[in-house]
2 protein chains.
Amino acid sequence: MKYLITISALIAACAVSVQAKIVTQSIEYKQGDTTLEGYLAYDDAVSSKRPGVLIVHQWLGLTDYEKHRAEQLAALGYVAFCADIYGKGVRPKNVSEAGAEATKYKSDRQLLRARVNAGLDELKKNELVDTKHIAAIGYCFGGTTVIELALSGADIAGVVSFHGGLDAPNPADAKNIKCKVLALAGADDPFQNPNDLSAFESEMRDAKVDWQITFYGGAVHSFTQPDPGFVNPGAHYNEKADKRSWQAMKDFFAEIFR
Amino acid sequence: MKYLITISALIAACAVSVQAKIVTQSIEYKQGDTTLEGYLAYDDAVSSKRPGVLIVHQWLGLTDYEKHRAEQLAALGYVAFCADIYGKGVRPKNVSEAGAEATKYKSDRQLLRARVNAGLDELKKNELVDTKHIAAIGYCFGGTTVIELALSGADIAGVVSFHGGLDAPNPADAKNIKCKVLALAGADDPFQNPNDLSAFESEMRDAKVDWQITFYGGAVHSFTQPDPGFVNPGAHYNEKADKRSWQAMKDFFAEIFR
């Protein structure tokens with residue numbers, strides 16, 4: 001192991017003496033006739049192309065939670081774009097509305113795929129994005145959605161599902177998967193159906209997908225969300241699992257964005 | 001995010017222009033009346049105390065494989081010590097001998113715990129080791145053994161089991177566990193009994209252990225070993241899973257050695 005640091009490396013290090021500035025912006029785009037409203041974040045202090053990360057929201061729709069994740073990803077050097085699956089202005093105010101919206105898309109996977117691909121297309125259009133290095137991450141409903149994005153055959157590098165439902169109504173579509181799949185789950189998530197989990201694993205295995213899954217002990221549903229938006233003993237924040245899963249995502253990106 | 005690098009930081013960086021020198025050494029030690037022969041590795045270019053990592057061998061006993069891992073860990077800045085569970089000179093030459101030796105300890109967990117704790121004590125004696133920051137890692141049989149070390153109530157920071165058998169004949173002992181537990185497993189490991197896996201999870205859950213498990217898709221048994229020492233379709237090297245699990249271990253160390 002060599003710690004030697006050369007003068008040229010030091011000069012190069014000095015050259016990046018810049019102050020990052022995270023720029024954010026709401027962006028309207030369309031899927032079919034439906035207007036959607038996403039949220040973009042990137043570091044304005046860098047002008048070169050960089051990997052892009054699509055973020056898919058949980059069942060409450062696009063909230064400040066996902067926007068904050070986009071800003072965190074921008075600070076890591078990525079162009080981050082929060083997709084809007086539900087449509088402009090469709091922002092459920094309670095669990096009843098959230099359940100109705102989520103069910104609409106979970107029971108129509110083709111529509112769900114169309115919506116998430118529209119978000120991906122919007123991200124790809126951004127001139128700062130290196131389109132050969134794109135990933136998608138999602139939380140809860142969004143964790144299910146990024147798996148559907150993979151199943152749709154999206155030509156991206158990888159997807160990360162955080163406490164996403166892993167039910168797979170169309171397992172044969174796994175043959176379409178071109179990207180790597182990372183699932184990060186609470187070991188004690190009561191919303192994760194064991195049969196769905198086992199079907200997901202078989203689906204990945206049978207199609208020879210490059211997949212991984214981590215279970216965090218003591219973590220239930222919504223373990224990355226300080227405020228999951230509803231009170232339920234089966235869904236709450238777990239700081240350790242949040243930090244560990246974020247690190248797992250960063251390692252995954254380091255691998256797939258090489 | 002601030003990229004600003006100050007002149008003082010650059011000077012500090014220059015000050016660590018040193019060439020690491022990994023020192024290795026075979027060490028005899030005892031458990032009861034039995035002489036054991038372990039293997040130590042550390043970086044001689046550093047004089048300060050640092051975390052210690054105990055390494056427990058697979059069923060073939062202490063081989064060049066574990067010694068190489070010790071050197072890798074020394075290069076990462078740890079004092080690494082390969083325990084010898086079987087005894088000095090007991091180095092199985094084939095799977096039949098390996099099976100007999102492993103079975104001797106797997107069927108006598110108290111003896112196994114005594115042997116691995118003897119290795120831990122030897123590591124702790126090393127004056128370069130910061131005894132508040134110790135972890136144990138193990139491969140296959142050694143992966144089972146580090147879980148037994150945790151079950152024995154060892155006062156260490158964490159254990160990492162790489163493709164270890166997770167059978168737990170004494171689940172009630174999980175209440176003794178003081179350290180964090182990370183298990184890294186092949187999703188397609190035919191040597192991992194699903195009932196053992198499920199019992200392990202229950203054991204960790206019931207005792208409220210801080211535990212995690214990752215399954216690597218496409219990986220079978222021995223996925224970290226370029227030469228597992230026997231030919232079996234259920235046990236072979238998987239470069240991706242090897243690299244990913246090594247990174248997971250590094251992240252775990254970064255967390256527990258804070």
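Residues numbered from 1 in each chain as written. Chains lettered and ligands numbered in written order. Predicted model: local features only at pLDDT ≥ 70, side-chain atom pairs only at ≥ 80, totals over all residues. Heavy atoms only, no water.

Caption draft 1: Examining the packing of helix 4 (residues 109-125) of chain B against helix 5 (residues 141-151) of chain B more closely. All names here are of chain B. Running from N to C, helix 4 and helix 5 point in directions that differ by 85°, and their axes come no closer than 9 Å. For the element pair helix 4 / helix 5, the angle class is roughly perpendicular. Together, Arg-109, Leu-112, Arg-113, Val-116, Asn-117 and Leu-120 of helix 4 and Phe-141, Thr-144, Thr-145, Glu-148, Leu-149 and Leu-151 of helix 5 make up the contact between the two elements. The class makeup of the residues in the contact of helix 4 with helix 5 is six nonpolar, three polar and three charged. (Axes fitted to C-alpha atoms, helices over the stretch in contact; angles between N-to-C directions. Helix = DSSP H or I, 4+ residues; strand = E, 2+ residues; numbered from the N terminus. Parallel < 35°, antiparallel > 145°, perpendicular 65-115°, else oblique. Contact = heavy atoms within 4.5 Å. Nonpolar A, V, L, I, M, F, W, Y, C, P; charged D, E, K, R; others polar.)

Caption draft 2: Spatial organisation of the environment of B:Ala41. Residue and element names in this part refer to chain B. Mapping Ala-41 onto the fold places it in strand 2 (residues 34-43). Separated by 29 residues in the primary sequence, Ala-41 and Ala-70 have C-alpha atoms spaced 5.8 Å apart. Residues in contact with Ala-41, not counting those within four places in the same chain, are Ile-22, Val-23, Thr-24, Ala-70, Glu-71, Ala-74, Tyr-78, Val-79 and Ala-80.

Caption draft 3: Molecular detail of the pattern of salt bridges. Residues and elements named next belong to chain A. On inspection of all chains with the given rule, the structure shows 33 salt bridges over all chains. Salt-bridge contacts for Arg-91 lead to Asp-84; the nearest nitrogen and oxygen are separated by 3.2 Å. The class for Asp-84 is buried, based on a relative accessible area of 0%. Several salt bridges share partner residues, and in doing so they unite Lys-106, Arg-109, Arg-113, Glu-148, Asp-167 and Asp-173 into one network. (Salt bridge = Lys/Arg side-chain N within 4 Å of Asp/Glu carboxyl O. Buried < 20%, exposed > 50% of the residue type's maximum accessible area, 1.4 Å probe, protein only.)

Caption draft 4: How the structure looks around the confidence of the model for chain A. Residues and elements named next belong to chain A. On average, chain A scores 93 in pLDDT, and the residues at 70 or more come to 93%. Scored below 50 in pLDDT, residues 1-17 makes 24 contacts in the model with residues more than four places away or belonging to other chains. Reported confidences for the modelled complex are a pTM of 0.92 and an ipTM of 0.92. (pLDDT = per-residue confidence, 0-100.)

Caption draft 5: Up close: the pairing of strand 1 (residues 22-31) of chain B. As judged from the 10 bridges shared by strand 1 of chain B and strand 2 of chain B, these two strands associate in the antiparallel manner. Counterpart to B:Ile27 in the pairing with strand 2 of chain B is B:Gly38. (Pairing = 2+ DSSP bridges.)

Caption draft 6: Seen up close, the packing of aromatic side chains. Throughout the structure, instances matching the rule amount to 23 aromatic pairs over all chains. An aromatic cluster of at least three residues, connected via ring pairs, comprises A:Tyr65, A:Tyr139 and A:Phe162. (Phe/Tyr/Trp six-rings, centres within 6.5 Å; stacked < 30°, edge-to-face > 60°.)

Caption draft 7: Structural context of the side chain of B:Arg115. Along the chain, B:Arg115 falls in helix 4. Buried charged residue B:Arg115 carries no salt bridge. Nearest counter-charge: B:Glu101, at 6.7 Å. (Lys, Arg positive; Asp, Glu negative; His and termini not counted.)

Caption draft 8: Structural detail: helix 3 (residues 95-106) of chain A. Residues and elements named next belong to chain A. Spanning 12 residues, helix 3 covers 16 Å between terminal C-alpha atoms, matching the ideal 16 Å at 1.5 Å per step. Within helix 3 the residues assigned to the buried category are Ala-98, Gly-99, Glu-101, Ala-102 and Tyr-105. If you follow the buried residues of helix 3, they end up packed against helix 4 (109-125) and helix 5 (141-151). The N-terminus of helix 3 is capped by Asn-94, whose side-chain oxygen sits 3.1 Å from the backbone nitrogen of Ser-96. (Expected span 1.5 Å × (residues − 1). Polar contact = N/O pair within 3.5 Å; in protein donor to acceptor, adjacent residues only side chain to side chain.)

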